[in-house]
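The lines below spell out each chain.
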Amino acid sequence: MPLNFSDLRLADSGFGRPDYIMAIDSGTTSVRAIIVDEYDCIVAQASKPVTTFYPQPGWVEQDPMEILASQISVMTEVQFKSGIHSDSIAAIGISNQRETCVVWDRDSGQPIYNAIGWQCRRTAPIVDRLIAQGASETIRSKTGLTPDPYFSATKIKWILDNVSGAHEAAEAGELMFGTIDTWLVYNLTGGAVYATDYTNASRTMLFNIHTLDWDDELLSLLGIPRSMLPEVRWSSGDFGRVSGEIMTHRPRIAGVAGDQQASFFGHCCFERGDTKNTYGTGCFMLMNTGDEAVDSKGGLISTIGIAEGGSISYALEGSIFHAGSTIQWLRDKLGIISDAAETSQIASSVPDNAGCYLVPAFSGLGAPWWDPGARGMITGLTAASDRATLVRAACESMAYQSYDVLRAMEADAGMRLSGLSVDGAASRNEFIMQFQADLLGIPITQAEAVETTALGAAYLAGLAVGYWEDREELVQNHGRGRRFDPAGDAGEMAHLLSGWHDAVARTRTVIQ
Ligand code: ADP
């Protein structure tokens, strides 16, 4: 039985205020553990890469046991590195790669197949069948999601359909499904807690984001028995104590959220309209839409953004496939830069883009265009175009793409943004951030901590145990990085945007 929220408060525990929160971030390419103090300072961290397997084109898998073992190893490493051990850790928060699916045997605890990664496209035929059956609207209205192999549901079905005896075992209640958070919580608590949180559940395509329960109609559509689904809990609350074999003093896991939602919380996007954009390999944007799950007309999805303190904030989510990866392409495929960090200076070395645009539709166009057949294009080249022209066009493309998604969010939500919080490695690029502020006409604020995702998980855990009193205290403590104020000329920005949209139109295979 989960404890009452108040039972978790440190004030009631009688052992004073331990000094630190541990956050673990189980990412796609690496797992991390960090230790945070009450002023949000990251005192220590450790990380380890995770292997990804590509057994066939478009298939992506990871080994759940490797993820677990690496996670435990970095949790141990960070304690030894810092000299801060489990008796000084008030609580643990978990953030994780979302949608990735693990199915394991209830008795042995052994996975019956590798984890199927969020990027894996093998279930496209299952999704096509759902769409052909006319299930899109049901899925969209209940889950806020557009049917896609990305989400967990069809990955579970694939495992049940393809692992010998799995359907029968599932029907007999012998199998357990979990996203990575659930897999970690189950194993870190020695099997005592089988649970996920609302944010992770909202990415499975099986969870009704309005009733806040697994949806029987969707479960029967996919032939997935309810018995193989975890209990769904608030992101900030009790997820059990870590087993004594892993941490001697058995700190409590008190926060769980999917990585983008954890980062959203780490940015303190608590109010309706608050929006964050993470500039990494791709871009991930989330806008807080308060208690309304907005039905997007602009090709975005609705998801549970925050599930803390007894209330839900929904969010609109949009993503861009190629952002920082365009810079990587300049380095690795064209060889015109040697390091991503030099692009800000190179882009600023020319007065303007000289009419050159780079549309990085390397794998189609995402929101708000949704044109999978589109391919990349560079327009407006002249004999004077050089390396700086291309670098500038690549940097600008990150800002234009984010502009398009953010404007689609504003239209869906019926709100204008008043500011944007940013993180991710490419958010350190001063040229891109200033250009983004100019284009949007609003201030952009960098996160002070690079590890916003882990910080969000720490916040969720810390609030649950009273390490931090309330959201107000988090906002007070929250360190903000550099702010970029808009300084662009409106006419010039409109001209640039029209050049960009002209270039995008030329890449399209779907003419609307
Ligand atoms: P992820 O979490 O998506 O793996 P990161 O947040 O570490 O990624 O971002 C890595 C990406 O950011 C890489 O694709 C890299 O090319 C890009 N990048 C890193 N630094 C810069 C920079 N200063 N300017 C532009 N892009 C950058």
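Computed from a predicted model, the values in this text were never measured in an experiment.

**Q** Can you lay out the nonpolar core for me, pointing to particular residues and giving the numbers?
**A** Of all hydrophobic cores here, the largest spans 58 residues; its most connected members are Y279, Y400, M409, L420, L439 and I444. With 14 residues, the single largest contributor to this core is helix α12 (residues 387–413). Residues contacting M409, with those up to four places away along its chain left out, are M285, L286, M287, L300, L316, E317 and G318. In this structure, A166, M205, L206 and M228 belong to the second largest nonpolar core, which totals 43 residues.

**Q** Please provide a residue-by-residue account of the layout of surface pockets, values included.
**A** The space that makes up the second largest pocket amounts to roughly 290 Å³. D274, G419, L420, S421 and R480 are the residues nearest the centre of the second largest pocket, which is lined by 16 residues in total. Elements with a contribution of two residues or more to the lining of the second largest pocket: β20 (420–423) and β22 (480–484). A breakdown of the residues in the lining of the second largest pocket according to their chemical character gives five nonpolar, seven polar and four charged.

**Q** Talk me through the sheet that holds strand β1 (residues 20–26); I want residue IDs and the actual numbers.
**A** Taken together, the five strands give an open sheet; going across it, the order is β3-β2-β1-β5-β13, and neighbouring strands pair in mixed fashion. Two strands lie at the open edges of the sheet, namely β3 (42–49) and β13 (253–258), each paired on one side alone. Across the sheet, the axes of successive neighbouring strands diverge by a mean angle of 15°, strand direction being ignored. Bridge count between strand β5 (residues 89–96) and β13: five bridges; the pairing is parallel. The residue of β13 that forms the bridge with G93 is G255.

**Q** Got a sec to walk through the domain arrangement of the protein chain? Specific residues and values, please.
**A** By the assigned domains, the protein chain splits into domain 1 (19–259) and domain 2 (271–447 + 479–512). On a C-alpha basis, the centroid separation for the pair domain 1 and domain 2 is 29 Å. Listed by partner, the interface residues are 20 residues for domain 1 and 18 residues for domain 2. A combined buried area of about 1400 Å² lies between domain 1 and domain 2, and 54% of that area is made up of carbon and sulfur atoms. For domain 1, the biggest contributors to the area lost against domain 2 are R140, I209 and W234; these three give 34% of the whole. Put simply, domain 1 and domain 2 have three salt bridges between them. For the pair domain 1 and domain 2, the interface holds nine residue pairs in polar contact (both at pLDDT 80 or more). Mapped onto the side of domain 1 that touches domain 2, the elements with two or more residues apiece are α3 (136–143) and α7 (198–201). Of the residues belonging to the side of domain 1 that touches domain 2, the class tally is eight nonpolar, eight polar and four charged.

Quick notes on the rules
Residues numbered from 1 in each chain as written. Predicted model: local features only at pLDDT ≥ 70, side-chain atom pairs only at ≥ 80, totals over all residues. Heavy atoms only, no water. Core = buried A, V, L, I, M, F, W, Y, C linked by side-chain atoms within 4.5 Å. Buried < 20%, exposed > 50% of the residue type's maximum accessible area, 1.4 Å probe, protein only. Helix = DSSP H or I, 4+ residues; strand = E, 2+ residues; numbered from the N terminus. Contact = heavy atoms within 4.5 Å. 1 Å grid on protein atoms, 1.4 Å probe; cavity = no way out; pocket = protein on both sides within 12 Å on 5 of 7 lines; lining within 4 Å. Points joined across faces, edges and corners; volume = space filled by probe spheres on them. Nonpolar A, V, L, I, M, F, W, Y, C, P; charged D, E, K, R; others polar. Pairing = 2+ DSSP bridges. Axes fitted to C-alpha atoms, helices over the stretch in contact; angles between N-to-C directions. Domains from an automatic or database assignment. Buried area = accessible area lost by both parts, 1.4 Å probe. Salt bridge = Lys/Arg side-chain N within 4 Å of Asp/Glu carboxyl O. Polar contact = N/O pair within 3.5 Å; in protein donor to acceptor, adjacent residues only side chain to side chain.

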